[in-house]
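Chain and residue survey
Given next are the chains, with one letter for each unit.
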Amino acid sequence: GQSLEQPSEVTAVEGAIVQINCTYQTSGFYGLSWYQQHDGGAPTFLSYNALDGLEETGRFSSFLSRSDSYGYLLLQELQMKDSASYFCAVTEDSNYQLIWGAGTKLIIKP
Amino acid sequence: NAGVTQTPKFRVLKTGQSMTLLCAQDMNHEYMYWYRQDPGMGLRLIHYSVGEGTTAKGEVPDGYNVSRLKKQNFLLGLESAAPSQTSVYFCASSSPEGPVSYNEQFFGPGTRLTVL
């Protein structure tokens, strides 16, 4: 079957660094995406990895290891506005459908 | 540009009633999607469309129908609403480029539906 596993909740301190992990088991794989969703809001795209390695976009970085079926999102210099849920999602086939994880709620303490 | 818009934003239905959710995008995207999101869960794909006049089933299509008569609009219908369809519904659109390119999906603000 298809599954994406990520922690349900992570707590960190403002200004710190936090890593949110995602492991996946899908029938196909084109790439791993990360989305952010604030409470009551819509998901917004953060990053995408199709190949192994690290992609950096400002304070956010995303990593992929295809051989380990594993990726992570790294958030640096945490700000209170980063409090949100973060979802990993796999592009499984050529129809570009996304298979979504259940999300990780990031709680940031001052 | 408005991006992706959804109407209505909120709706309360009684069991057995029907309704249509409207999604519109002004980005000229080929692909459009309807998801539902239940508390503590990720998004589950209901139906999607890869172009005007085409639709396909996603992960949880039962109880829903869709139509894509115009490229910019994607309609989701509930013929006979059930309490299990209480959820937040998101529409999204995208324009994939190539076989190994990312598929950034742009989401509407959501419709919060309660079925009593």
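Position numbers for residues count from 1 along each chain, tracking the sequence in the order it is written. Throughout, the order in which chains and ligands are written sets their labels, letters from A for the former and numbers from 1 for the latter. The model is predicted, so local features are restricted to residues of pLDDT at least 70 and side-chain atom pairs to those at 80 or more, both for listing and for counting; the totals for chains, interfaces and linings are taken over all residues. Excluded from the side-chain calculation are hydrogens and water; included are all heavy atoms of the structure.

A short note on the state of the cysteines
Cut-off, in case you're wondering: In this description, the term disulfide denotes a pair of cysteine sulfurs within 2.5 Å. Each helix corresponds to a stretch of at least 4 residues labelled H or I by DSSP, and each strand to a stretch of at least 2 residues labelled E; elements are numbered beginning at the N terminus.
If you walk through the whole model with that rule in mind, you get two disulfides over all chains. A sulfur-sulfur distance of 2.2 Å marks the disulfide that ties A:Cys22 to A:Cys88. The disulfide joining A:Cys22 to A:Cys88 has a torsion of about 75 degrees about its S-S bond and is therefore right-handed. Of this pair, A:Cys22 sits in strand 3 (residues 18–25) while A:Cys88 is found in strand 9 (residues 84–91), placing the two residues 66 residues apart along the sequence. Each sulfur in the disulfide pair B:Cys23 and B:Cys91 lies 1.9 Å from the other. The chirality of the disulfide connecting B:Cys23 with B:Cys91 is left-handed, given an S-S dihedral of about -75 degrees.

Description of the confidence of the model for chain A
Operational definition: Values of pLDDT, ranging from 0 to 100, describe the predictor's confidence in every residue of the model.
Counting all residues, the mean pLDDT for chain A is 94, and 98% of those residues have values of 70 or more. Mean pLDDT in chain A bottoms out at strand 10 (residues 98–100) of chain A, which sits at 90, and peaks at strand 8 (residues 70–75) of chain A, which reaches 98.

Topic: the interface of chain B and chain A
As a measure of interface size, the accessible area lost when the parts come together is often cited. So the rule is basically this: In what follows, residue pairs with any heavy atoms lying within 4.5 Å of each other are defined as contacts. Note on definitions: buried area is the accessible-area loss of two parts on being combined, 1.4 Å probe, summed for both. One side-chain nitrogen of Lys or Arg within 4 Å of one carboxyl oxygen of Asp or Glu is enough to make a salt bridge. In protein, a polar contact means a hydrogen-donor-capable atom and an acceptor-capable atom, both N or O and within 3.5 Å, with residues adjacent in sequence counting only if both atoms are side-chain atoms; elsewhere, any N or O pair within 3.5 Å suffices.
If you look at the interface, chain B gives 25 residues, while chain A gives 19 residues. Summed over both sides, the interface of chain B with chain A buries roughly 1800 Å², with 58% coming from carbon and sulfur. Contact with chain A buries area across many residues of chain B, yet B:Leu43, B:Asn103 and B:Phe107 alone supply 23% of it, more than any other trio. At the boundary of chain B with chain A, the tally comes to zero salt bridges. Here chain B and chain A share four residue pairs in polar contact (both at pLDDT 80 or more) between them. Elements represented by at least two residues in the side of chain B that touches chain A include exactly strand 4 (31–37) and strand 5 (43–49) of chain B. Per-element tally for the side of chain B that touches chain A: the top contributor is strand 4 of chain B, with four residues.

Considering unusual backbone geometry
Residue and element names in this part refer to chain B. We apply this condition: Partly exposed residues are those whose accessible area sits between 20% and 50% of the maximum for their type, while under 20% is buried and over 50% is exposed, using a 1.4 Å probe and protein chains only.
With omega at -5 degrees, the peptide bond leading from Thr7 into Pro8 counts as cis. Its place among the elements puts Pro8 in the loop between strand 1 (4–7) and strand 2 (10–13). Although it is not a glycine, Asn28 adopts a positive phi angle of roughly 60 degrees. When you line up the elements, Asn28 lands in the loop between strand 3 (19–25) and strand 4. Among the residues examined, Asn28 registers a relative accessible area of 54% and is labelled exposed.

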